[in-house]
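A structural walkthrough
Here is how the chains run, residue by residue.
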Amino acid sequence: MSEIILHQYQASPFSEKIRNLLGYKKASYRVVNIPVIMPKPDLMALTGGYRKTPVMQIGSDIYCDSAIICRVIEQLYPDKPIYPTEQEGTLGAAVHWTDTFFFKVSVAMAFQPKALAQNKTFSDPKVAEAFRADRAELNKGSPGLGMEFSVAHPHWQMHLKRLDTQLATADYLGGDAPNILDFSTYHCLWFVYNSEVLRDSFTPFAHVLLWITRMAAFGNGTITEISGSEAIKIATSAPVIADTAAVDSTIDGLESGDHVEILPIDYGFQPTQGELLVASLEELVVKRTDPLAGDVAVHFPRLGYRINKL
Ligand SMILES: N[C@@H](CCC(=O)N[C@@H](CS)C(=O)NCC(=O)O)C(=O)O
């Protein structure tokens, strides 16, 4: 089995979701630190268009979106399971709400004027402007992640109060042990908690604060940094694993080998094109041949993505 390579950057909350899960699973893995804004040429060689963070690579299999990344990590590290079957439906819904709506609330909290004024990265006006322009490009054609602070703040307080009530009864949202909802919730809170000027917003929620300490104690696993070009070299020398055609043509009316594009339905409409390998209720996979990375299989979760025949 090829080792996990996580393409990520330190400040990315969705990357922290994965690092924290890999810490919980006591995994060793490699990390490529990718740029926070475009261009990301090494990442594009692997994904063929998808530009969000994080992306996970195993050999020449490329996994886009933290939802599918967590599922693959669970298969690789089945000990201490985080997807209890008896909660498959409710957890799926709660995790999606957390990773979409509540993530937006958290972004508005983390980027409120008080926090931005203290943020070292944004103290350089050129850096701040480049970031704003890049995120405007990312969000083109979609409502993006924008939420007014005045709307986000009461939603933040409401959800933290509910979390605090629940965490007074158990160590984790999952009960005695964390489940996927703990990791989804943690990265949102981590993003806000990282800003020292915002720490006091947690003060009324003592049980949440204890839970943050428990989650943080899992750490991030054992990390070895490699370069983007080393990761591409690994992709070129590995065979594509997802080579068994598994297209359920009753879902999208598509056949194995069709030329398609896959893109998110929320924001970041940069598509990945390729030859259809898998289209099931859970997963979409295309195969593409990249001039640098060779043959790669690019995987997406079904939830949150659309597929178009070209
Ligand atoms: N649904 C995606 C969302 C990922 C996402 O929005 N990541 C942010 C960073 S935490 C991002 O991609 N920002 C733009 C970028 O990094 O280029 C997932 O679960 O992985």
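The structure reproduced in this document is the subject of the present report. (Residues numbered from 1 in each chain as written. Predicted model: local features only at pLDDT ≥ 70, side-chain atom pairs only at ≥ 80, totals over all residues. Heavy atoms only, no water.)

What tends to happen in soluble globular proteins is that the nonpolar side chains get buried as a cluster. Counting residues in hydrophobic clusters, the biggest one holds 56 residues, and the most contacted among them are Met56, Trp156, Leu189, Val208 and Trp211. Of the residues that make up this core, three or more belong to each of domain 1 (4–79 + 223–309) and domain 2 (85–216). Filtering out sequence-adjacent residues up to four positions away, Trp156 remains in contact with Phe102, Val105, Ser106, Met109, Leu189, Val192, Ser201 and Phe202. Membership of the second largest hydrophobic core comes to 28 residues, among which are Ile5, Val32, Ala45 and Ala231. (Core = buried A, V, L, I, M, F, W, Y, C linked by side-chain atoms within 4.5 Å. Buried < 20%, exposed > 50% of the residue type's maximum accessible area, 1.4 Å probe, protein only. Domains from an automatic or database assignment. Contact = heavy atoms within 4.5 Å.)

Attention now goes to the pattern of salt bridges. In this structure the tally under the stated criterion is 15 salt bridges. Note that Glu16 and Arg19 form a salt bridge whose closest N and O atoms lie 2.9 Å from each other. With Glu16 and Arg19 both in helix 1 (residues 13–24) and three residues apart, the pair spans about one turn of that helix. Owing to a relative accessible area of 1%, Arg19 belongs among the buried residues under this scheme. (Salt bridge = Lys/Arg side-chain N within 4 Å of Asp/Glu carboxyl O. Helix = DSSP H or I, 4+ residues; strand = E, 2+ residues; numbered from the N terminus.)

Here we take up the pairing of strand 7 (residues 259–264). By the criterion of burial, strand 7 is predominantly enclosed, with five of the six residues buried. Here strand 7 pairs with strand 8 (residues 272–279) via four bridges, running antiparallel. Across the sheet, the residue bridging to Glu261 is Gln273, located in strand 8. (Pairing = 2+ DSSP bridges.)

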